[in-house]
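Descriptive analysis of the structure
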Amino acid sequence: MNMGKSVRLERIFNRNTGRSIIVPLDHGTTVGPIQGLVDLRSTVNKVAEGGANAVLMHKGLPRCSHRGHGRDVGLIIHLSASTTLSPFPNAKILVGTVEDGIKLGADAVSVHLNLGDESERDMLRDMGQVASKCAEWGMPLLAMVYARGPKVKSEWDPATVAHCARLAEELGADVIKVVYTGDPESFSRVTEGCCIPIVIAGGPRMDSPRDIIQMAHDSISAGGAGLSMGRNIFQAEDPTRLVQALHAVVHMDYSVEQALALLEEPKL
Ligand SMILES: CC(=O)[C@@H](O)[C@H](O)C[C@H](N)C(=O)O
Ligand SMILES: O=CC(=O)COP(=O)(O)O
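Residues numbered from 1 in each chain as written. Chains lettered and ligands numbered in written order. Predicted model: local features only at pLDDT ≥ 70, side-chain atom pairs only at ≥ 80, totals over all residues. Heavy atoms only, no water.

Here's the deal with the nonpolar core
With 83 residues, the main nonpolar core has Leu25, Val55, Val178, Ile213 and Leu246 as its most contacted residues. Broken down by element, the residue count for this core peaks at 7 residues, all from strand 7 (residues 141–147). Excluding residues that lie within four positions of it along the chain, leucine 246 makes contacts with Ile21, Ile212, Ile213, Ala216, Leu227, Met229 and Ile233. (Core = buried A, V, L, I, M, F, W, Y, C linked by side-chain atoms within 4.5 Å. Buried < 20%, exposed > 50% of the residue type's maximum accessible area, 1.4 Å probe, protein only. Helix = DSSP H or I, 4+ residues; strand = E, 2+ residues; numbered from the N terminus. Contact = heavy atoms within 4.5 Å.)

Quick look at the environment of histidine 66
You can see histidine 66 is positioned in the loop between helix 4 (62–65) and strand 3 (74–78). Between the alpha carbons of histidine 66 and arginine 41 there is a distance of 6.8 Å; along the sequence they are 25 residues apart.

Quick word on the sheet that holds strand 3
Ordered by their spatial adjacency, 8 strands build a closed barrel running 1-2-3-6-7-8-9-10, and the pairing between neighbours is parallel. Going across the sheet, the axis of each strand differs from the next one's by a mean of 25 degrees, ignoring polarity. Two elements, strand 1 (residues 20–24) and strand 2 (residues 54–57), share 3 bridges in a ladder whose sense is parallel. From the neighbouring strand, isoleucine 22 faces strand 2, where its bridge partner is alanine 54. Seen against the sheet, helix 6 (residues 120–137) touches strand 6 (108–115) and strand 7 and runs at an angle of roughly 160 degrees to strand 6. (Pairing = 2+ DSSP bridges. Axes fitted to C-alpha atoms, helices over the stretch in contact; angles between N-to-C directions.)

Focus: the site of ligand 2
If you check the shell around ligand 2, you find 13 residues, and the closest are Asp26, His27, Lys177, Gly230 and Arg231. Within the contact set of ligand 2, an oxygen atom lies 2.5 Å away from a side-chain nitrogen or oxygen of lysine 177. Within the contact set of ligand 2, an oxygen atom lies 2.9 Å away from a backbone nitrogen or oxygen of glycine 202. When ligand 2 sits alone it has 300 Å² of accessible area, and the protein chains cover 96% of it. Residue composition of the shell around ligand 2, by class: 5 nonpolar, 5 polar and 3 charged. (Near = heavy atom within 4 Å. Polar contact = N/O pair within 3.5 Å; in protein donor to acceptor, adjacent residues only side chain to side chain. Areas by Shrake-Rupley, 256 points an atom, 1.4 Å probe, with all protein chains shown as cover. Nonpolar A, V, L, I, M, F, W, Y, C, P; charged D, E, K, R; others polar.)

Shown next, in the form of structure tokens:
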């Protein structure tokens, strides 16, 4: 692997476990300043204190959220955008470049593809071009790939998710983010088809921390490389403690019960 990619990926993935907890904060472009994204600097500090490896955001946000102190946290600059105000909310376009990421000191850049959408070919072309530019500059590429279109029966279908992951690998991603398929057996069919790290999205808010931690644990047991979990972390009652519990599962091989016990411990 290109030295630039190796050095940058070390700032996102734990050297011992080869896994990562990434907290994406890019939703504000898609849906507006939702709960947890209003004071971004506070949210970045909370997840970094909990042990997150990296945060993911659009290019205009590091100026509002870069820590400049304390525990370092990796930075991934997101290059794709669409909004829920559009008649075509799944049609992602590029709004940033790899060079934007370099200038911001990013450790990786990311793109978002919705396979099955009518504008799929544009997203495929964009990803291919970004991947080539990333290879040129030694910049890791995280591809978040969903199946969202009129022919898609279920975006959580294991074969569909495996297709999303394999496409990302074949087009040059260094890290893949897909949805979790719901159980370790089916998710192992996703991870076995790729030779690069696969992290899972959290999806819409889940009520119970147990469900969040169970999903993280099960994805790891199926060969997953960690999380790219946004809303379930930044909208949690205590993002720092939830990240601490997830860190125990992802990087210390805690059981679900052991990780849940961390949430019950009295605050210092
Ligand atoms: C809000 C969503 O659609 C999420 O599933 C995506 O993972 C977030 C995405 N990067 C977006 O906000 O466009
Ligand atoms: O960019 C967003 C993600 O990677 C996943 O966000 P979610 O809120 O966990 O679905």
